[in-house]
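Chain and residue survey
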Amino acid sequence: MDQQQPPATPLQLHVPEPTGRPGVATDFSFLHVSPAGEVRRPPVDTPHSETQDLAYALIRVLDEQGRAVGPWVPDLDAVQLRRGLRAMMKTRIFDARMLIAQRQKKLSFYMQCLGEEAIAVAHSLALKAGDMCFPTYRQQGLLLARDDVSMVEMMCQLMSNERDPLKGRQLPVMYSYKRAGFFTISGNLATQFIQSVGWAMASAIKGDTKIASGWIGDGSTAESDFHTALTFAHVYRAPVILNVVNNQWAISTFQAIAGGESTTFAAKGVGCGIASLRVDGNDFLAVYAASVWAAERARRNLGPTLIEWVTYRAGPHSTSDDPSKYRPADDWQRFPLGDPIERLKVHLIGLGEWSPAQHEQARKELEAEVAAAQKEAESHGSLLDGHIPSAASMFEDVYRDMPWHLREQRQQLGV
Ligand SMILES: Cc1ncc(C[n+]2csc(CCOP(=O)(O)OP(=O)(O)O)c2C)c(N)n1
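The structure displayed is predicted, hence computed values, not measured ones. (Residues numbered from 1 in each chain as written. Predicted model: local features only at pLDDT ≥ 70, side-chain atom pairs only at ≥ 80, totals over all residues. Heavy atoms only, no water.)

The next thing to look at is the state of the cysteines. Scanning the model with the defined rule gives zero disulfides in all. In this model C113 remains outside any disulfide bridge; the closest cysteine sulfur is found in C133, 14 Å from its own. This cysteine, C156, is not joined by any disulfide, and C113 carries the nearest cysteine sulfur, 20 Å off. (Disulfide = S-S within 2.5 Å.)

The following block contains the structure:
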């Protein structure tokens, strides 16, 4: 040892902390919000290495006045925009009612997507029949934006009743709609992300034209499956859109502790050789435009795209969570990207294609539609009245054919 060396500085472990806590306002300057219209839109065949700046910027279309500006303004007419607004409103109303139903013990558990409605709803418009989404539990908007998935059936799943298409085997919100391109949700975080890449690879192997869309939350990007998915997507140039929904929180942990401090989740895509965008997830127009860009890349065999959707989890993580214990109560009101429904509403009103009265009318209609669906779903039973799928069906579908030992167990149960 060199006696002349100064004494070593004690090392310090860095543990990221959110700036805001209950009673202390969040400093949102870490978000680096680009002004609307400022970020360039490269051609879809741009090499992944040339998307580096887009992984650190924030693609936005709607400005503070609700006007659509810049190179990412998408080709959407007023009819499509109104349909999108309605689908977002429907999703929010559905969530609000199911939250109450959970409090009334009609269902055991629920997860809202409050504040994140634009992402799933606008993204779904960029997909085609036959494409397959691999969602998390917070993309109910993908289903509620469609006309061909019955709200009643979704509610029956939530209530685990006699009409539950999953026969009471799954926790509420873990929907499965193969025919609607909505892959069976699993409780194990991040597993669907690699599965989406594998599905996309299969589509390419078969010479098909369908693409996959994989979903993950900011917290779950810390799972190894996230990194495996990126490697496989890059290596095999899989036709997949890799969606990272950065809603700032993973239950009570802030996105910085999942690896978002001083960098972005989009930047992780660039590092893996994947074209990457960071997008305002509360801007319906930006979500649609970026989704179309990524979908076209995938369809033209130009490879995967990673999109980080910057948003805010406005509600509790689930009905089992109380966010007032770990974050400021007014955080969503102060979040710089606002409320996606309000922003699209202001845009449509600015175009002369919507009005506060029409908005109120639509809200009333949707409230009635959701309430009627709930009434019908409850007619097939809820957790309160014991109208649940038969215990015998518990042994089915474990394997394609029921093996002897399951048959024996079923007989032991006397069903
Ligand atoms: C493998 C695994 N680990 C932990 C959990 C428990 N868990 C459920 S949701 C969640 C937080 C996920 O946060 P994020 O990925 O940011 O998604 P968000 O809930 O914010 O939409 C955790 C830790 C789990 N379901 N699976």
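Moving on, there is more to tell.
Taken together, the side chains of L13, V15 and I257 make up a nonpolar region of the molecular surface, amounting to roughly 340 Å² of accessible area. For V15, the location among the structural elements is in the segment before helix 1 (52-56). Residue classification places V15 among the partly exposed positions, given a relative accessible area of 48%. (Patch = residues over 30% accessible without salt bridge, like charges linked within 9 Å, V, L, I, M, F, W, Y side chains within 5 Å. Areas by Shrake-Rupley, 256 points an atom, 1.4 Å probe, with all protein chains shown as cover. Salt bridge = Lys/Arg side-chain N within 4 Å of Asp/Glu carboxyl O. Helix = DSSP H or I, 4+ residues; strand = E, 2+ residues; numbered from the N terminus. Buried < 20%, exposed > 50% of the residue type's maximum accessible area, 1.4 Å probe, protein only.)

Looking now at the UniProt feature "domain: Dehydrogenase E1 component" (unreviewed entry) in the chain. Those residues carrying the UniProt feature "domain: Dehydrogenase E1 component" (unreviewed entry) are residues 86-381 in this numbering. Regarding residues 86-381, the helix share stands at 44% and the strand share at 11%, and the terminal C-alpha atoms are separated by 28 Å. (UniProt positions renumbered as here; feature names shortened; annotations may be inferred.)

This part takes up the UniProt feature "coiled-coil region" (unreviewed entry) in the chain. Feature annotation in UniProt places "coiled-coil region" (unreviewed entry) on residues 356-383, given in this structure's numbering. With 82% helix and 0% strand, residues 356-383 has its two end C-alpha atoms placed 38 Å apart.

Summed over the entire model, instances satisfying the criterion amount to 12 aromatic pairs. Centroid distance F193 to F226: 5.6 Å. Interplanar angle 20°. Geometry classified as stacked. On the criterion of sequence distance, the pair formed by F193 in helix 6 (residues 191-205) and F226 in helix 7 (residues 224-235) is long-range, its members being 33 residues apart. Pair check on accessibility: F193 and F226 agree, each one buried. On the numbers, 5.3 Å between centres and 40° between planes, the contact of Y312 with F335 is tilted. One end of the pair, Y312, is in the loop between strand 7 (305-310) and helix 10 (331-334); the other, F335, is in the loop between helix 10 and helix 11 (340-350), with 23 residues separating them in the sequence. The pair formed by Y312 and F335 is uniform in burial state, with each residue classed as buried. (Phe/Tyr/Trp six-rings, centres within 6.5 Å; stacked < 30°, edge-to-face > 60°.)

This part takes up unusual backbone geometry. Phi angles above zero are rare outside glycine, and V173 is one such case at about 80°. Relative to the elements of secondary structure, V173 occurs in the loop between helix 5 (151-159) and helix 6. Unlike most non-glycine residues, Q248 shows phi in positive territory, near 75°. Position of Q248 among the secondary structure elements: in the loop between strand 3 (240-246) and strand 4 (249-250).

Let us now look at the side chain of E308. Inspection of the secondary structure puts E308 in strand 7. Looking at E308, its side chain comes within polar contact range of the main-chain nitrogen of A266, at 2.8 Å. Not counting the four nearest positions on each side in its chain, E308 is found in contact with V244, N246, T264, F265, A266, L277, R278 and V279. (Polar contact = N/O pair within 3.5 Å; in protein donor to acceptor, adjacent residues only side chain to side chain. Contact = heavy atoms within 4.5 Å.)

Membership of the largest hydrophobic core comes to 78 residues, with the highest contact counts inside it found for F94, Y175, L277, F284 and W309. Take this core: its biggest share by element is 11 residues, from helix 9 (residues 284-299). Leave out the neighbours within four places in its chain, and L277 touches L54, I59, W72, A266, A290, W293, T305, L306, I307 and E308. Counting residues in hydrophobic clusters, the runner-up holds 24 residues, among them V197, A200, I274 and L306. (Core = buried A, V, L, I, M, F, W, Y, C linked by side-chain atoms within 4.5 Å.)

For the rest of this paragraph, the subject is the pairing of strand 6 (residues 275-280). For a regular strand, side-chain orientation follows a simple rule: the groups alternate between the two sheet faces. By the criterion of burial, strand 6 is predominantly enclosed, with six of the six residues buried. Side chains A275, L277 and V279 project from strand 6 onto one buried face, and the interleaved S276, R278 and D280 project onto a second face that is buried too. Sheet topology note: the strand 6/strand 7 ladder contains six bridges and is parallel. Within strand 7, the position partnered with D280 by the bridge is V310. Following the backbone out of strand 6, through helix 9 and into the adjacent parallel strand 7, one traces a crossover that is right-handed. (Pairing = 2+ DSSP bridges. Right-handed = clockwise from strand over helix to strand, strands pointing away.)

Further remarks concern the pattern of salt bridges. Tallied over the entire structure, the rule returns 26 salt bridges. Its salt-bridge partner being E117, residue R92 comes within 2.7 Å of it at the nearest N-O pair. Of this pair, R92 sits in helix 2 (residues 78-103) while E117 is found in helix 3 (residues 117-125), placing the two residues 25 residues apart along the sequence. You'll find R92 and E117 in the same group, each marked buried. Through salt bridges with shared partners, one network takes in R60, E64, D280, D283 and R343.

Before going further, it helps to spend a moment on the site of the ligand. Lining the immediate surroundings of the ligand are 15 residues, of which Y137, R138, G187, S220 and W249 lie closest. Separating an oxygen atom of the ligand from a backbone N or O atom of G219 is a distance of 2.8 Å. The side chain of H317 places a nitrogen or oxygen atom 3.3 Å from an oxygen atom of the ligand. Class assignment for the residues of the shell around the ligand results in five nonpolar, seven polar and three charged. (Near = heavy atom within 4 Å. Nonpolar A, V, L, I, M, F, W, Y, C, P; charged D, E, K, R; others polar.)

With that out of the way, let us pick up helix 3. Here helix 3 lies mainly inside the structure; eight of its nine residues are buried. Along helix 3, the positions that sit buried rather than exposed are E117, A118, I119, A120, V121, A122, H123 and S124.

Turning to the side chain of Q374, a few remarks are in order. Here Q374 shows up in helix 12 (residues 356-378). Side-chain polar atoms of Q374 contact the side chain of R97, separated by 2.7 Å. Of note is the side chain of Q374, whose polar atom sits 2.8 Å from the side chain of E378. If near-sequence neighbours (up to four positions away) are discounted, Q374 is found in contact with R97, M98, A101, K106, M155 and M159.

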